Amino acid sequence: MMNRPERLTEGRPTQGRPTQTGEAARSEIDTFTGNRALALEEGLIFEIGRAEVTGVDLDEPAPFTDRLGGLARKAALGLPGLSEPEAMRHYVRLSQKNYSIDAGLYPLGSCTMKHNPRLNEALARLPGFADIHPLQPQSTVQGALELMEELARWLLALTGMEAIAMSPKAGAHGEACGMMAIKAAIAAKGEGATRKIVLVPDSAHGTNPASATRIGFEIRSVPARADGTVDAAEVRRRLGPDVAAIMLTNPNTCGLFEKDIVAIAEVVHEAGAYFYCDGANFNAIMGKARPGDLGVDAMHINLHKTFSTPHGGGGPGAGPVALSAQLAPFAPLPFLRRDDNGLRLIEQASEAPQSIGRMSAFHGQMGMFVRALAYMLSHGADGLRQASEDAVLSANYIRASLADLLSQPFGDKLCMHEALFDDAWLKPTGLTTLDFAKALIDEGYHPMTIYFPLVVHGAMLIEPTESESKASLDLFIATMRDLAFAALRGETERFLAAPFHAPRRRLDETGAARRPILKWTKPVAE
Ligand SMILES: *Cc1c(COP(=O)(O)O)cnc(C)c1O
């Protein structure tokens, strides 16, 4: 029975309702069913399913002898079942619980949540791309290989680099790939035993130090200047024969262009180290600046951010890594080579003796490749440049429209593709960044990134991307202003218990992260 009242008994049904949300959450449910208008409650399948129900009818099998050697199950498995319409409703309702870029503005800074044109989806579903198998003979998938080569060509043109590794499957995976290539290059020079340190600015995304540490480097942090950028002199002070690389994000996670990037690359190279650039923020500079010209040795590109493919919630990603001429020989397998018979994947170490080997089982995320190339071709080179310009314009429009109310950690100056505020302006109100973000949920917005970058107190990082219309930005700005005025007027009750209108209220987020309950346990019968 799913969300249907037990008509013959008093009180609300318990079936179909989550069991682990605590009394506080439950007391907010003020309807008989637990539903609120068209926002429907949905329990776990274990809570709503019944072992005796199934969505399919199977005939009783004819008598047979099993060959399981006595291991056949004696009793029913007891898996929860649903009728066919119930099963469909269950999964549709779950899908509707996701906030998505298709539903509304998604201002999550550092994530580049941009519109994914439906054209991309139509092309990714073409049978010639969607129905092929990575183990098919290469002569039968020349078109798919051509697509990979063409995408690589675009990425090389945009980055101005020497080679591109297509197989890494996310930004963090690309970081690992680039840092492994750097490690291999250092080892090839006979410096593997000495160069163990990787410099990482304080504002870096957490994946940077994590990736470097995982492959055996030690982290030394580099503080930012008062203006939020990294000083080449500070980098030089930390360089030495023990330093393998720097990992720098540009534009950085404060939404600022690292204006000393060329000088930083020079001092790093002079010291015999390599320059890894975190390219997750490429959406701000695509078509405007080429990392290769800035002295970058390795940089991942989040296809699933810059080139629009959907991401979040565990969706697929792709993190190709652009490599400089120094690092190209260490690129992972497989990679494409064109010879007389067409395109061929180089998969054996014998053909690429310096390669770091495989990053993943096959060649990368084909569906992401198709979407990214569709996005590039439909924009054209000038369109990609304009996307960057519009993304920066949108961010500055938001920044300038809120600058009289919200405080900016690095002063009132132009940002790149994301606008960063801190919580200094909230101080007199007694409210926190978290309270403010929760109130945005009541207004129907996914909150901006909060408390990141860590170097900014109570950070609010807003990235609108180029795909929002002016009307959409204006409504968001008006909402932010309305909330800011309410906070400054002292209407703290609108914030402290927010969200009021979400299916669940304040959750114990720390508890959920520290003590995650990942397994459903059957409640003990009363
Ligand atoms: C998103 C992001 C990453 C990691 O990318 P994933 O694809 O999520 O692994 C790294 N650095 C920055 C700055 C990012 O925004």
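Every value quoted in this text rests on a predicted model; they were computed, and no experiment measured them.

Draft legend 1. Here's a closer look at the sheet that holds strand 7 (residues 321–323). Overall, mixed pairing links the 7 strands, which are arranged 1-7-6-5-4-2-3 in an open sheet. The sheet is open, and its two borders are formed by strand 1 (163–165) and strand 3 (218–222), each paired with just one other strand. For this sheet the average axis-to-axis angle between neighbouring strands, irrespective of direction, equals 25°. Helix-sheet contacts for helix 7 (residues 171–188) involve strand 1, strand 2 (197–201), strand 4 (243–249), strand 5 (274–278), strand 6 (298–300) and strand 7, and the interaxial angle to strand 5 is about 175°.

Draft legend 2. Inspection of empty space enclosed by the protein at higher detail. Applying the stated rule across the entire model yields 3 cavities of 30 Å³ or more. Here the largest cavity defines a volume of roughly 90 Å³. In terms of residue class, the lining of the largest cavity is made up of 8 nonpolar, 2 polar and 3 charged.

Draft legend 3. Examining the domain arrangement of the chain more closely. The domain boundaries assigned to the chain delineate domain 1 (121–375) and domain 2 (381–503). Of note, the centres of domain 1 and domain 2, computed from C-alpha atoms alone, are 30 Å apart. Listed per partner, the contact involves 26 residues of domain 1 and 21 residues of domain 2. Where domain 1 abuts domain 2, roughly 1800 Å² becomes buried across the two surfaces, and 64% of that area is made up of carbon and sulfur atoms. Taken together, the links from domain 1 to domain 2 amount to 1 salt bridge. Among the ionic pairs, E389 bridges to K288, the shortest N-O distance being 2.6 Å. Residues of the side of domain 1 that touches domain 2, tallied by class, amount to 14 nonpolar, 9 polar and 3 charged.

Draft legend 4. Summary view of the pairing of strand 9 (residues 342–346). Burial of strand 9 is extensive: 4 of the 5 residues sit out of reach of the surface. Across 5 bridges, strand 8 (residues 335–339) lies against strand 9 in antiparallel orientation. Residue pairing for strand 9: L336 is matched across the bridge by L345. The loop that links strand 8 with its antiparallel partner strand 9 comprises 2 residues.

Draft legend 5. Examining the pattern of salt bridges more closely. Overall, the coordinates contain 31 salt bridges when judged by the stated rule. One salt bridge in this structure joins R371 and E121, with 2.6 Å as the shortest N-O distance. Residue R371 is located in helix 12 (residues 366–402), and its partner E121 is located in helix 4 (residues 118–124); the two are separated by 250 residues in the primary sequence. On the basis of relative accessible area, R371 is assigned to the buried category, the value being 12%. Judged by relative accessible area, E121 falls into the buried class, the value being 12%.

Draft legend 6. Structural detail: the packing of aromatic side chains. Tallied over the full model, the rule gives 6 aromatic pairs. Plain terms: the ring middles of F307 and Y375 are 6.3 Å apart, the flat faces sit at 70° to each other, and that makes the pair edge-to-face. Taken as a pair, F307 in the loop between helix 11 (303–306) and strand 7 and Y375 in helix 12 lie far apart in primary sequence, 68 residues in all. Between the aromatic rings of Y445 and F476, the centroid separation amounts to 5.1 Å while the plane-to-plane angle is 80°, which identifies the pairing as edge-to-face. Placement of the pair is Y445 in the loop between helix 13 (433–442) and strand 11 (449–450) and F476 in helix 14 (residues 470–488), with a sequence separation of 31 residues. F476 matches Y445 in its accessibility class, with the two residues each being buried.

Draft legend 7. Representation of the nonpolar core. One finds L151, L155, V235, L303, F307, F369 and M376 to be the most contacted residues of the largest nonpolar core, which totals 60 residues. Here the element with the most residues in this core is helix 12; it accounts for 11 residues. Split by domain, the residues of this core number at least three in each of domain 1 (121–375) and domain 2 (381–503). Apart from the residues within four sequence positions on either side, F307 is in contact with L155, L158, M286, I301, N302, R371, A372, Y375, M376 and L384.

What counts and what doesn't
Residues numbered from 1 in each chain as written. Predicted model: local features only at pLDDT ≥ 70, side-chain atom pairs only at ≥ 80, totals over all residues. Heavy atoms only, no water. Pairing = 2+ DSSP bridges. Helix = DSSP H or I, 4+ residues; strand = E, 2+ residues; numbered from the N terminus. Axes fitted to C-alpha atoms, helices over the stretch in contact; angles between N-to-C directions. Contact = heavy atoms within 4.5 Å. 1 Å grid on protein atoms, 1.4 Å probe; cavity = no way out; pocket = protein on both sides within 12 Å on 5 of 7 lines; lining within 4 Å. Points joined across faces, edges and corners; volume = space filled by probe spheres on them. Nonpolar A, V, L, I, M, F, W, Y, C, P; charged D, E, K, R; others polar. Domains from an automatic or database assignment. Buried area = accessible area lost by both parts, 1.4 Å probe. Salt bridge = Lys/Arg side-chain N within 4 Å of Asp/Glu carboxyl O. Buried < 20%, exposed > 50% of the residue type's maximum accessible area, 1.4 Å probe, protein only. Phe/Tyr/Trp six-rings, centres within 6.5 Å; stacked < 30°, edge-to-face > 60°. Core = buried A, V, L, I, M, F, W, Y, C linked by side-chain atoms within 4.5 Å.

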